[in-house]
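Notes for the structure review
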Amino acid sequence: MSHHGLGEFEQMVLLAIVHLGGESYAVPIVDEIERRTGRSVSRAAVYVTLRRLEEKRLLSSWLGD
């Protein structure tokens, strides 16, 4: 991927993961971002962002059952 910059939402997701202890799934990430920002966040947006961050090699993720 040629564009390695981070968007605002990507940064929020990464910060939420760090705050939650590094190993999290979408629901706690959504809750953390909503709690800290007061903004509504969809799980779908988090899933898409996790995939994008994985493509940028900033984290690894997996889909559970």
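The paragraphs below set out a description of the structure included in this document.

Rules used throughout
- Residues numbered from 1 in each chain as written.
- Predicted model: local features only at pLDDT ≥ 70, side-chain atom pairs only at ≥ 80, totals over all residues.
- Heavy atoms only, no water.
- Axes fitted to C-alpha atoms, helices over the stretch in contact; angles between N-to-C directions.
- Helix = DSSP H or I, 4+ residues; strand = E, 2+ residues; numbered from the N terminus.
- Parallel < 35°, antiparallel > 145°, perpendicular 65-115°, else oblique.
- Contact = heavy atoms within 4.5 Å.
- Nonpolar A, V, L, I, M, F, W, Y, C, P; charged D, E, K, R; others polar.
- Core = buried A, V, L, I, M, F, W, Y, C linked by side-chain atoms within 4.5 Å.
- Buried < 20%, exposed > 50% of the residue type's maximum accessible area, 1.4 Å probe, protein only.

Bringing the packing of helix α2 (residues 26-37) against helix α3 (residues 43-55) into the picture now. It is the contact of α2 with α3, at a shortest axis distance of 9 Å, that shows an interaxial angle of 110°. Relative to α3, the element α2 lies roughly perpendicular. On α3, the residues that touch A26, V27, I29 and V30 of α2 are R43, V46, Y47 and L50. Looking at the contact of α2 with α3, its residues break down into seven nonpolar, no polar and one charged.

The nonpolar side chains of soluble globular proteins are, as a tendency, buried together. Counting 13 residues, the largest nonpolar core has V13, I17, I29, I33, V46 and L50 as the members making the most contacts within it. Counting only elements with at least two residues in this core, the list comes to α1 (8-19), α2 and α3. Residues within four places of I33 in sequence aside, it is in contact with F9, M12, V13, A16, G38 and V41.

Taken by themselves, the reported measurements are silent on function.
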